[in-house]
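What follows is each chain in one-letter form.
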Amino acid sequence: MSGFARLFVVLAVLALAVSVRGSDDQSVLAAMEEHGVVPDVIDTAPTDKVEVTYGLLSASLGNELTPTQVKDIPSVHWKADDGSYYLLCMTDPDAPSRANPVRREFRHWLVGNIPGDKVDQGETLTEYVGSGPPKDSGLHRYVFLAYKQPGKISYEEPRINNTSRDTRPNFSIKAFALKYNLGNPVAGNFFQAQYDDYVPTLHAQFSGH
Ligand SMILES: *[C@@H]1O[C@H](CO)[C@@H](O)[C@H](O)[C@H]1NC(C)=O
Ligand SMILES: *[C@@H]1O[C@H](CO)[C@@H](O)[C@H](O)[C@H]1NC(C)=O
Ligand SMILES: *[C@@H]1O[C@H](CO)[C@@H](O)[C@H](O)[C@H]1NC(C)=O
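Residues numbered from 1 in each chain as written. Chains lettered and ligands numbered in written order. Predicted model: local features only at pLDDT ≥ 70, side-chain atom pairs only at ≥ 80, totals over all residues. Heavy atoms only, no water.

Going by the annotation in an unreviewed UniProt entry, the name recorded for the chain is OV-16 antigen, with Zootermopsis nevadensis given as the source organism.

The following block contains the structure:
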């Protein structure tokens with residue numbers, strides 16, 4: 001082989017290695033295993049990333065954000081087929097704390113029948129509420145998962161608005177996905193948050209229910 005041919009082979013192998021490593025697969029899987037999202041929330045990590053942005057901030061596989069920063073509904077995208085429906089979930093397995101998660105999971109957001117990744121055109125089953133980790137309960141993980149539905153689904157769960165805690169605790173996205181035959185999530189992401197002084201405001205939103 002000439003010097004040029006050898007160089008070409010070396011470059012091609014490098015390019016292949018970079019393109020394989022550069023896909024989301026490794027990082028979502030590795031981060032979800034490292035932070036125990038697998039197995040605390042799901043058994044099998046997704047391959048793609050859900051892009052979650054709160055203004056200029058974003059979730060990035062376990063970074064820390066504050067309840068103040070995530071109080072408003074985020075913008076969410078993932079690699080979706082236009083012709084398919086998806087379910088999007090945001091869930092906290094660390095309720096009331098990661099050390100003692102007896103009310104695992106607390107459901108923050110659930111939207112079904114989303115055409116592609118157009119979340120605002122989906123059917124909101126549980127309205128978005130931001131992170132409200134109790135004082136001194138440490139860091140909680142807030143996990144976003146997108147599931148591809150087998151078709152349009154008639155969800156029988158009661159609709160929960162953002163002033164109601166009803167049925168939010170003791171949720172299991174794994175059991176929900178099983179019930180509706182959603183398979184494993186196709187995309188995911190998560191951030192972590194601990195108490196800050198916005199939390200009492202969020203909890204007051206639930207008063208009366
Ligand atoms: C959640 O589950 C725990 C433990 O099983 C139970 O003690 C608690 O009452 C449940 N809470 C709600 C709101 O269902
Ligand atoms: C939110 O849900 C609660 C409990 O179902 C209900 O009492 C309340 O009227 C709802 N609020 C709005 C703004 O729809
Ligand atoms: C609660 O939901 C309503 C209706 O979807 C929305 O207008 C309002 O901004 C939400 N409130 C908070 C505090 O998120």
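Caption draft 1: Geometry of the packing of aromatic side chains. Under the criterion given, the structure shown has 10 aromatic pairs. Relative to Tyr180, the ring of Tyr155 has its centre 4.7 Å away and its plane inclined at 65°; by these criteria the two rings are edge-to-face. Here Tyr155 is found in the loop between strand 9 (140-148) and helix 4 (173-179), whereas its partner Tyr180 is found in the loop between helix 4 and strand 10 (187-193), with 25 residues between them in sequence. We note that Tyr155, like Tyr180, is buried. Consider the rings of Phe171 and Phe176, whose centres lie 6.0 Å apart with planes at 55°: the pair is tilted. The class of Phe176 is buried, set by a relative accessible area of 5%. (Phe/Tyr/Trp six-rings, centres within 6.5 Å; stacked < 30°, edge-to-face > 60°. Helix = DSSP H or I, 4+ residues; strand = E, 2+ residues; numbered from the N terminus. Buried < 20%, exposed > 50% of the residue type's maximum accessible area, 1.4 Å probe, protein only.)

Caption draft 2: Main features of the environment of Gly55. Along the chain, Gly55 falls in the loop between strand 2 (51-54) and strand 3 (57-58). Judged by its relative accessible area of 69%, Gly55 falls in the exposed class. C-alpha of Gly55 to C-alpha of Ile73: the two residues are 18 residues apart in sequence and 9.8 Å apart in space.

Caption draft 3: Geometry of the pairing of strand 2. Side chains of strand 2 alternate between two faces, with Val52 and Tyr54 buried and Glu51 and Thr53 left unburied. Note that strand 2 and strand 5 (residues 75-77) share 3 bridges and pair antiparallel. Residue Thr53 lies in a different strand from strand 5, and its bridge partner there is Ser75. When strand 2 meets strand 3, the two strands line up antiparallel, connected through 2 bridges. Note that in strand 3 the partner of Thr53 across the bridge is Ser58. Between the end of strand 2 and the start of strand 3, which pair antiparallel, lie 2 residues, with Gly55 showing a positive phi angle near 60°. (Pairing = 2+ DSSP bridges.)

Caption draft 4: Summary view of the nonpolar core. By size, the foremost hydrophobic cluster in this structure holds 25 residues, and its most contacted members are Met32, Leu87, Ile173, Phe176 and Leu182. Where this core is concerned, the elements lending two or more residues are helix 2 (24-34), helix 3 (37-40), strand 6 (85-92), strand 9 and helix 4. Not counting chain neighbours up to four residues away, the residues in contact with Phe176 comprise Leu87, Leu110, Leu125, Tyr155, Glu157, Phe171 and Leu182. Counting residues in hydrophobic clusters, the runner-up holds 22 residues, among them Tyr54, Trp78, Met90 and Val111. (Core = buried A, V, L, I, M, F, W, Y, C linked by side-chain atoms within 4.5 Å. Contact = heavy atoms within 4.5 Å.)

Caption draft 5: Molecular detail of the sheet that holds strand 3. Spatial ordering of the open sheet is given by 3-2-5, a layout of 3 strands whose pairing is antiparallel. A strand with exactly one partner marks an edge of an open sheet, and here the two such strands are strand 3 and strand 5.

Caption draft 6: Quick look at the side chain of Ser137. Along the polypeptide, Ser137 turns up in the loop between strand 8 (123-126) and strand 9. By relative accessible area, Ser137 is classed as buried at 13%. Reaching out from Ser137, the side chain makes a polar contact with the side chain of His140 at a distance of 2.8 Å. Once residues within four sequence positions are removed from consideration, Ser137 is found in contact with Pro96, Ser97 and Arg98. (Polar contact = N/O pair within 3.5 Å; in protein donor to acceptor, adjacent residues only side chain to side chain.)

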